[in-house]
Amino acid sequence: MCNPAPPSPFESNELWERLRSHLDGVQPCRVCGSNDLEPWARKQYLEAKRCTVCGMISVNPHLTRAGVDLFYAHYFQFRQETSRLNEQRAIMYQLDRDWIQVFIQGGSVLDVGCSGGFFLNTFPPDRWEREGVEITQDAADFGREQFGIPIRVGDLMELTIEKRFDLVTLRGVIEHVPDPIPYLEKCASLLKPGGLLYITATPAGDAFAFDVYREKWILFTPLEHIHFFTHRLLTEVLHRFGLRPLAHHYPYAETPYAQPETDFRTIREDIARIQQGQGEQITRSVPFPGSMLTAAFKKEDG
Ligand SMILES: [Zn+2]
């Protein structure tokens, strides 16, 4: 078997073994509270389960808080070191900024889980008053020093933020958050009336490729990606907090990851392999339309 991807510390057996003792208990569905859960995909000791009532897919059980902290201790440093991926990410940041700027062209923006401020830094400072929230100190320090962006350090749930924003962004964040519903509620509470919540670069739980590939789906990295929302489920959850859907999109053809000619052929061949009981031959899925979700929600006025 050949694996074209470079070895990642996130997938090292040593890390998996170290984290094994930090496994939490099984939780009810985060969205609807049901305990009627069916197996969906499994990697080592982490299993994603699908709620048979609402369709939400989550890695369950996942790690305890101590396990999550241990996992993220070296996360920023590792992401900085994967430079080829950083070039591709830079293109994605601009695509994501351009998409939301169709709906809002300036004002105050809070990027929650802003890492080193790379995404925030794509918002022009003459039109945007930019702020971030970041849980890891080294990432926040980097963003403040490199880009001069004010970044609050801490867990969003434990921070007191009085200010209200025109735009709150969650880019590649909500799938990592152990308890995402109160987190979304807090994000909604930080918006001005009429403000936008922008959730982007999150793996879509209803992706065709997830159903086909399951544990071999390229976005199924269960140590870091815990929750796989769909646009329907986000709409349902955010309605509870006074938000309504504005627009959504599944970036693919415009991204640096897409190779439509080969991706479509590969998925057709892989489906045939799976149907013939030869799924073990597949290393992991190709990028495919519908896998990554981008969505904007608007807080109702008054
Ligand atoms: Zn459910």
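Not measured: the values here are computed from a predicted model.

Asks: Would you mind showing me how to read the overall build of the protein chain here?
Replies: In terms of regular secondary structure, the protein chain is built from 9 helices and 11 strands. By residue count, 51% of the 302 residues in the protein chain fall in the buried class. Long-range pairs, those at least 24 residues apart, make up 70% of the contacts in the protein chain with a sequence separation of at least 6. Accessible area for the protein chain stands at about 14,100 Å²; split by element, carbon and sulfur atoms hold 51% of it.

Asks: What is the right way to look at the environment of Phe210 in this model?
Replies: Structurally, the position occupied by Phe210 is in helix H7 (residues 208-213). In this structure the C-alpha to C-alpha distance between Phe210 and Ser285, which are 75 residues apart in sequence, comes to 8.7 Å. Look past the residues within four positions of Phe210 in its chain and what remains in contact with it is Trp40, Ala41, Ile57, Ala204, Gly205, Trp217, Phe220 and Phe228.

Asks: What should I look at first to understand helix H2 (residues 65-72) in this one?
Replies: Because each turn of an α-helix spans 3.6 residues, side chains separated by three or four positions in sequence point in the same direction. Listed in full, the buried residues belonging to H2 are Gly67, Val68, Phe71 and Tyr72. One side of H2 carries all its buried residues, which in axial view fall inside an arc of 125°.

Asks: What should I look at first to understand the environment of Glu224 in this one?
Replies: In this fold, Glu224 is placed in the loop between H7 and strand E9 (227-228). Judged by its relative accessible area of 11%, Glu224 falls in the buried class.

Asks: What is the right way to read unusual backbone geometry from this model?
Replies: Note on backbone geometry: most residues besides glycine have negative phi, and most peptide bonds are trans. The amide bond that connects Asn60 to the next residue, Pro61, takes the cis arrangement and shows omega of 5°. Examined against the element boundaries, Pro61 turns out to sit in the loop between strand E3 (57-59) and H2. Positive phi outside glycine occurs at Gln44, with the angle close to 50°. By the secondary structure assignment, Gln44 is in the loop between strand E1 (37-43) and strand E2 (46-51). According to the relative accessible area criterion, Gln44 is partly exposed, its value standing at 37%. With a phi angle near 50°, Ser115 is a residue other than glycine that sits in the positive phi range. Along the chain, Ser115 turns up in the loop between strand E4 (107-112) and strand E5 (128-134). Residue Ser115 is classed as partly exposed on the basis of its relative accessible area, which comes to 25%.

Asks: Teacher, can you tell me more about the sheet that holds E9 here?
Replies: Within a sheet, neighbouring strands are paired by backbone hydrogen bonds and run either parallel or antiparallel to one another. Pairing is antiparallel in the open sheet, where 4 strands are placed in the order E1-E2-E3-E9. Whereas interior strands pair on both sides, the edge strands pair on one side only; in this sheet they are E1 and E9. Note: E2 against E3, 3 bridges, orientation antiparallel. Counted as the bridge partner of Arg50 is Ile57 from E3.

Asks: Could you clarify how one ought to interpret the sheet that holds strand E8 (residues 191-203) in this entry?
Replies: Spatially, the 7 strands line up as an open sheet ordered E6-E5-E4-E7-E8-E11-E10, and their pairing is mixed. The sheet terminates laterally at strand E6 (151-153) and strand E10 (243-249), the two strands that pair on one side only. Sheet twist, expressed as the mean angle between neighbouring strand axes with direction ignored, is 20°. When E5 meets E6, the two strands line up parallel, connected through 3 bridges. Each residue of the ladder has a partner; that of Gly132, found in E6, is Ile151. Seen against the sheet, helix H5 (residues 137-147) touches E5 and E6 and runs at an angle of roughly 160° to E6. Contacts between helix H6 (residues 180-189) and the sheet are confined to E4, strand E7 (165-171), E8, E10 and strand E11 (292-299), with E8 contributing the most and set at about 140° to the helix.

Asks: Looking at this structure, how should I read the coordination of the zinc ion?
Replies: Geometry reference: four tetrahedral donors at a metal, ideal angle 109.5 degrees. Six octahedral donors, ideal angles 90 or 180 degrees. For the zinc ion, the full set of protein donor atoms is Cys29 (SG), Cys32 (SG), Cys51 (SG) and Cys54 (SG), at a range of 2.3 Å. Between the 4 donor atoms coordinating the zinc ion, the angles at the centre fall across 101 to 118°, so the site counts as tetrahedral. When the donor residues of the zinc ion are listed from N- to C-terminus, their spacing reads C-x2-C-x18-C-x2-C. Of this pair, Cys32 sits in the loop between helix H1 (13-20) and E1 while Cys51 sits in strand E2, and the two are 19 residues apart along the sequence. For Cys32, a relative accessible area of 35% puts it in the partly exposed group. Taking the relative accessible area as the measure of exposure, Cys51 reaches 1% and is therefore buried.

Asks: Got a minute to help me understand the nonpolar core in this structure?
Replies: Generally speaking, soluble globular proteins have nonpolar side chains that are buried together. Counting 69 residues, the largest nonpolar core has Leu170, Leu184 and Leu197 as its most contacted members. The element that contributes the greatest number of residues to this core is H6, accounting for 5 residues. Sequence-distant contacts of Leu170, defined by excluding residues within four places in its chain, comprise Asp111, Val112, Tyr183, Leu184, Cys187, Leu197, Tyr198, Ile199 and Thr200. Counting residues in hydrophobic clusters, the runner-up holds 18 residues, among them Trp99, Ile100, Trp128 and Ala296.

Criteria and thresholds
- Residues numbered from 1 in each chain as written.
- Predicted model: local features only at pLDDT ≥ 70, side-chain atom pairs only at ≥ 80, totals over all residues.
- Heavy atoms only, no water.
- Helix = DSSP H or I, 4+ residues; strand = E, 2+ residues; numbered from the N terminus.
- Buried < 20%, exposed > 50% of the residue type's maximum accessible area, 1.4 Å probe, protein only.
- Contact = heavy atoms within 4.5 Å.
- Areas by Shrake-Rupley, 256 points an atom, 1.4 Å probe, with all protein chains shown as cover.
- Arc of directions from axis to C-beta.
- Pairing = 2+ DSSP bridges.
- Axes fitted to C-alpha atoms, helices over the stretch in contact; angles between N-to-C directions.
- Donors = N, O, S within 2.8 Å, 3.2 Å for Na, K, Ca; no water.
- Tetrahedral: all angles 85-135°; square planar, octahedral: opposite > 155°, others 65-115°.
- Core = buried A, V, L, I, M, F, W, Y, C linked by side-chain atoms within 4.5 Å.

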